[in-house]
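Each chain, written out:
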Amino acid sequence: MELLNKINSPQDLRKLSLEELEQLAEEIRSFIIETVSKTGGHLAASLGTVELTIALHYVFNTPLDKIVWDVGHQTYAHKILTGRKEFFHKLRQYGGISGFPRREESEYDVFNVGHASTAVSAALGIAVARELNKEDYKVIAVIGDGSLSGGLAYEGLNHAGHLGYDFIVVLNDNTMFISKSVGAIAKMLVRLLTLGLLKKIEQKIDKFLRRLKYIGNVILRVAKRFKLLLFPGMLFEEMGFAYVGPVDGHDLKSLCEVFRSIKNFKGPVVVHVLTKKGKGYKPAEEKPEKFHSVAKFNVLTGEIEKRNDRLTFTEVFSKTIVSLAEKDGRIVGITAAMTEGCGLEEFSKLFPERFFDVGIAEEHAVTFAAGLATKNYIPICAIYSTFLQRAFDQIIHDVALQNLHVVFVLDRAGIVGEDGPTHHGCFDLSYLRLIPNMTIMVPKDGNELKDMLYTAIYHIDGPVAIRYPKDFVVEKNIDVDKFEKIDVPKAQIIYEDKESKICFLVLGPKIYILKEILETTDYRFSVVNMRFLKPMDEEILKKVCNSHNILITVEENTIVGGLFSAVSEFVARNHYQVKIYPFAFPDKFITFGKKEILEEEVGFSIKNFLAFVKSLNERRCTNEGSNVG
Ligand SMILES: Cc1ncc(C[n+]2csc(CCOP(=O)(O)OP(=O)(O)O)c2C)c(N)n1
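Residues numbered from 1 in each chain as written. Predicted model: local features only at pLDDT ≥ 70, side-chain atom pairs only at ≥ 80, totals over all residues. Heavy atoms only, no water.

Undergrad: So what exactly am I meant to see when it comes to the site of the ligand here?
TA: Near the ligand there are 19 residues, and of these His-73, Gly-146, Ser-147, Lys-277 and Glu-362 occur at the shortest range. Side-chain polar atom of Asp-145 to an oxygen atom of the ligand: 3.4 Å apart, as the coordinates give it. At 2.6 Å, a side-chain N or O of Ser-147 approaches an oxygen atom of the ligand. Against a free-state accessible area of 580 Å², the protein chains account for coverage of 93% of the ligand. In terms of residue class, the shell around the ligand is made up of seven nonpolar, eight polar and four charged. (Near = heavy atom within 4 Å. Polar contact = N/O pair within 3.5 Å; in protein donor to acceptor, adjacent residues only side chain to side chain. Areas by Shrake-Rupley, 256 points an atom, 1.4 Å probe, with all protein chains shown as cover. Nonpolar A, V, L, I, M, F, W, Y, C, P; charged D, E, K, R; others polar.)

Here it is in structure tokens:
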């Protein structure tokens, strides 16, 4: 790490020669691989952007010039070069540095991010502020080809093209569809560009197209398409951007040359950069999808640390949906660029004609599902809780308002851990509960998930949501060919204690913590598995309100608008005299770190539950039962 040791900021970087930059790139790469092998993280994308990051900080005058990253999972080199090398071993660890750009962390992090397709819009806002303030700096949005599949990116490009301000978009294109031969054309284009010939050639083609005009519109359209093949950038040009590229994203010399040549470009410009995901680390190059977001791994062998063999909720969903789809051709699987994460990989292989990965386009996924539902298909929209936030209006306007039968399967509900606040699924119970016609179910374990999916598909009309955490189920095996209908909205009394007058109303798998407390201590209380948040089982609620003094709601969701709100509204509406205490996430954003640490911090560990039960008991013994919680 001879060179890297000397670099504490981009100012140090700018003192290096081009040859030294190449060595630095190798050192950064090794440093990233070594660190991520111990912390886990987004390896492949960050390895792909090492040279790009160096070139950007080398040519542009950061932090005065602003680099806005899309998603932000590719910014490890950026973090290392901008003063966070010393903290890099604490990447994604509680109290350490985030895996994504955060303005709180560094002046070089211009915009907080974690969800895709935001960079162009955010950067454009900054560019407009610069114009209004009559300031002088460059604004660069860096967006991946995947993130360019999200509609928001086009809204930003459209607006940027219309405004015409000086504005740079770097398209970090790491898809495999550009083969070697096209790569050769790319090199040629770069050379043409630096010689100033590109514009001339394009002008010639434009003239040629204009001459063709008299032959008729059809030919013109074909001709335009021909130009699009020759110049993929035409898409951007039509939106008001100049287009430069493609550029080899691992060739520091070309990158620096191109950035220097467009640095003072007047108006919006797209620089198309070709990179390889996982670049420089063979296992990641070979399996970029496995090393996209990776757990700890052995650097030498590339072997990824195996978690234990227990089944996850995702796997139960995966097996169940395959089992159901085998028997029913109406079932369609939809995901927004998260096939594996959402457990639809097997489904996609077995039923390719009924499987749709729509790209990072959650809004489209939902409206597309709504369209299918009007034709009596049964769309299963499998989207992480946090990403479904994107499609809030589509759920209301396109699905619920028409009471269409779309099944939403929300993975990663609750705290997810190291990815942090952009990825925790803390809000879905709240944002779904307020939507009319919606049924919301939360399984406590794998068997319940399986039966809920079956019930959602065959015994409920209108929109249905099932949400579950990134976690293991309690069961070892589940028979995904046997199904039991769950009556809507039947809750389930798991344990009834007539003496204590304390009743826990629980949504989801944390119910097993309470079971454990009942089994291992002398504390007594009733426990209800709510199963449904909407509609709620008002019969059971009436019963517990009449037989208990204290209700405690448990939900892995923000305290605002979920189960605590629903039970409080019910109690107030019916004038019951019970007291209600919440186990829910606080009304603030939860940081990143190990899931267990974060859960303890927000009061969801077994220790927290035990302390609460103990305090309830003590107060009850001293007749103070009213001030607990
Ligand atoms: C709205 C949203 N949906 C899904 C994701 C999950 N996600 C993270 S990175 C990624 C792929 C991004 O592709 P690209 O922009 O090309 O970057 P690459 O990883 O290829 O470098 C996806 C789908 C997300 N971050 N945001």
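Having put the structure on the table, let's press on.
Undergrad: How should empty space enclosed by the protein be read in this particular structure?
TA: Over the atoms, a rolling probe the size of a water molecule traces out where space has been left empty. Following the criterion strictly, the structure yields three cavities of 30 Å³ or more and no others. Arg-130, Tyr-137, Lys-138, Val-139, Asp-166, Phe-167, Ile-168, Ile-262, Lys-263, Asn-264, Phe-265 and Gly-267 are the residues that line the largest cavity. A class-by-class count of the residues in the lining of the largest cavity yields six nonpolar, two polar and four charged. (1 Å grid on protein atoms, 1.4 Å probe; cavity = no way out; pocket = protein on both sides within 12 Å on 5 of 7 lines; lining within 4 Å. Points joined across faces, edges and corners; volume = space filled by probe spheres on them.)

Undergrad: Where do I start with the sheet that holds strand 10 (residues 439-441) in this structure?
TA: Sheet strands pair by backbone hydrogen bonding; their relative direction is either parallel or antiparallel. Spatial ordering of the open sheet is given by 7-6-8-9-11-10-15, a layout of seven strands whose pairing is mixed. Both edges of this open sheet fall to strand 7 (355-357) and strand 15 (532-534), since each of them pairs with a single strand only. The sheet shows a mean angle of 20 degrees between the axes of neighbouring strands, taken without regard to direction. As paired elements, strand 8 (residues 378-384) and strand 9 (residues 407-411) share five bridges and run parallel to each other. Bridged to Tyr-384 within strand 9 is Asp-411. Sheet strands in contact with helix 20 (residues 446-458) are strand 6 (331-335), strand 8, strand 9, strand 10 and strand 11 (464-467), and its direction is about 170 degrees off that of strand 11. (Pairing = 2+ DSSP bridges. Helix = DSSP H or I, 4+ residues; strand = E, 2+ residues; numbered from the N terminus. Axes fitted to C-alpha atoms, helices over the stretch in contact; angles between N-to-C directions. Contact = heavy atoms within 4.5 Å.)

Undergrad: I tried to follow the pairing of strand 17 (residues 579-585) on my own but got confused; where do I start?
TA: Two faces, one strand: in a regular strand the side chains alternate between the faces of the sheet. Within strand 17, five of the seven residues are buried, which leaves it mostly tucked inside the rest of the structure. The pairing of strand 16 (residues 550-558) with strand 17 spans six bridges and is parallel. Residue pairing in the sheet places Thr-558 in a bridge with Phe-585 of strand 17. Read as a crossover between parallel neighbours, the route from strand 16 over helix 23 (residues 563-573) to strand 17 is right-handed. (Buried < 20%, exposed > 50% of the residue type's maximum accessible area, 1.4 Å probe, protein only. Right-handed = clockwise from strand over helix to strand, strands pointing away.)

Undergrad: I would appreciate a short explanation of the sheet that holds strand 13 (residues 502-506) in the present structure.
TA: Spatial strand order, 12-14-13-16-17: five strands in an open sheet with mixed pairing. On the outer flanks of this sheet lie strand 12 (492-495) and strand 17, each paired with one strand and no other. Across the sheet, the axes of successive neighbouring strands diverge by a mean angle of 25 degrees, strand direction being ignored. Of the strand pairs in this sheet, strand 13 and strand 16 are connected by five bridges, and their pairing is parallel. From the neighbouring strand, Phe-504 faces strand 16, where its bridge partner is Ile-552. On top of the sheet, helix 23 reaches strand 13, strand 16 and strand 17; it is set at about 145 degrees to strand 16, its chief contact.

Undergrad: Sorry if this is basic, but what is going on with the packing of aromatic side chains here?
TA: Working definition: an aromatic ring pair is given by the centre-to-centre distance plus the angle between the planes. Scanning all chains against the criterion turns up 25 aromatic pairs. With 4.2 Å between their ring centres and 10 degrees between their planes, Phe-583 and Phe-609 make a pair best called stacked. Of this pair, Phe-583 sits in strand 17 while Phe-609 sits in helix 25 (residues 606-621), and the two are 26 residues apart along the sequence. Phe-609 shares its class with Phe-583; the two are buried. (Phe/Tyr/Trp six-rings, centres within 6.5 Å; stacked < 30°, edge-to-face > 60°.)

Undergrad: I keep staring at unusual backbone geometry and nothing clicks. Help me out?
TA: Keep in mind that most residues, glycine aside, have a negative phi and that most peptide bonds are trans. Residue Thr-62 is joined to Pro-63 through a cis peptide bond whose omega torsion reads 5 degrees. With respect to the secondary-structure elements, Pro-63 resides in the loop between helix 4 (50-59) and strand 1 (66-69). Of note, the bond from Val-488 into Pro-489 is cis; its omega dihedral lies within 30 degrees of zero at -5 degrees. In this fold, Pro-489 is placed in the loop between strand 11 and strand 12. Despite not being glycine, Ala-337 has its phi angle at roughly 65 degrees, a positive value. Relative to the elements of secondary structure, Ala-337 occurs in the loop between strand 6 and helix 15 (345-350). Phi is positive for His-575, close to 55 degrees, though the residue is something other than glycine. You can see His-575 is positioned in the loop between helix 23 and strand 17.

Undergrad: I would appreciate a short explanation of the pattern of salt bridges in the present structure.
TA: Note on pairing: side chains with opposite charge can pair once their charged atoms come close. In this structure the tally under the stated criterion is 32 salt bridges. In this structure, Glu-105 and Arg-84 form a salt bridge, with 2.8 Å as the shortest nitrogen-oxygen distance. You can see Glu-105 sitting in the loop between helix 5 (76-84) and helix 6 (119-132) and its partner Arg-84 sitting in helix 5, a full 21 residues away along the chain. Look at Arg-84 and you get buried, because its relative accessible area is 3%. Across the pair Lys-607 and Glu-600 runs a salt bridge whose closest N-O atoms are separated by 3.3 Å. Exposure remark for Lys-607: the relative accessible area of 58% places this residue in the exposed category. Taking relative accessible area as the criterion, Glu-600 reaches 32% and is therefore assigned partly exposed. Connected via shared salt-bridge partners are Lys-79, Arg-84, Glu-105 and Asp-109. (Salt bridge = Lys/Arg side-chain N within 4 Å of Asp/Glu carboxyl O.)

Undergrad: Can you help me understand the side chain of His-548 in this one?
TA: Along the chain, the position of His-548 falls in the loop between helix 22 (538-547) and strand 16. A residue is classified by how much of its surface remains accessible, and His-548, at 5% relative accessible area, is buried. Once residues within four sequence positions are removed from consideration, His-548 is found in contact with Asp-497, Lys-501, Ile-502, Cys-503, Ser-526 and Val-578.

Undergrad: I keep staring at the environment of Leu-507 and nothing clicks. Help me out?
TA: Mapped onto the elements of the fold, Leu-507 is located in the loop between strand 13 and helix 21 (511-520). We classify Leu-507 as buried; its relative accessible area is 2%. For the pair Leu-507 and Asn-557, spaced 50 residues apart in the sequence, the C-alpha separation amounts to 9.8 Å. If near-sequence neighbours (up to four positions away) are discounted, Leu-507 is found in contact with Leu-429, Val-442, Met-530, Arg-531, Phe-532, Leu-533, Val-554, Glu-555 and Leu-563.

Undergrad: I keep staring at the environment of Glu-600 and nothing clicks. Help me out?
TA: Inspection of the secondary structure assignment puts Glu-600 in helix 24 (residues 595-601). Non-local contacts of Glu-600, meaning those with residues more than four positions away in its chain, are made with Ser-605, Lys-607 and Asn-608.

Undergrad: What should I look at first to understand the packing of helix 16 (residues 362-374) against helix 18 (residues 392-400) in this one?
TA: When two helices pack together, their arrangement is given by the angle between the helix axes and the distance between those axes. Packing of helix 16 against helix 18 leaves a shortest axis separation of 9 Å and a crossing angle of 10 degrees. By the angle class used here, helix 16 and helix 18 are roughly parallel. Side by side, helix 16 and helix 18 meet where Glu-363, Val-366, Thr-367 and Ala-370 of the first sit next to Gln-394, Ile-395, Asp-398 and Val-399 of the second. Grouping the amino acids of the contact of helix 16 with helix 18 by side-chain chemistry returns four nonpolar, two polar and two charged. (Parallel < 35°, antiparallel > 145°, perpendicular 65-115°, else oblique.)

Undergrad: Is there a simple way to think about the nonpolar core in this case?
TA: A general tendency of soluble globular proteins is for nonpolar side chains to be buried together. By size, the foremost hydrophobic cluster in this structure holds 89 residues, and its most contacted members are Phe-317, Phe-408 and Leu-551. The element best represented in this core is helix 14 (residues 313-327), accounting for seven residues. When neighbours within four sequence positions are excluded, Phe-317 is seen to be in contact with Cys-342, Gly-343, Leu-344, Ile-380, Ala-382, Val-409, Leu-449, Leu-453 and Tyr-468. (Core = buried A, V, L, I, M, F, W, Y, C linked by side-chain atoms within 4.5 Å.)

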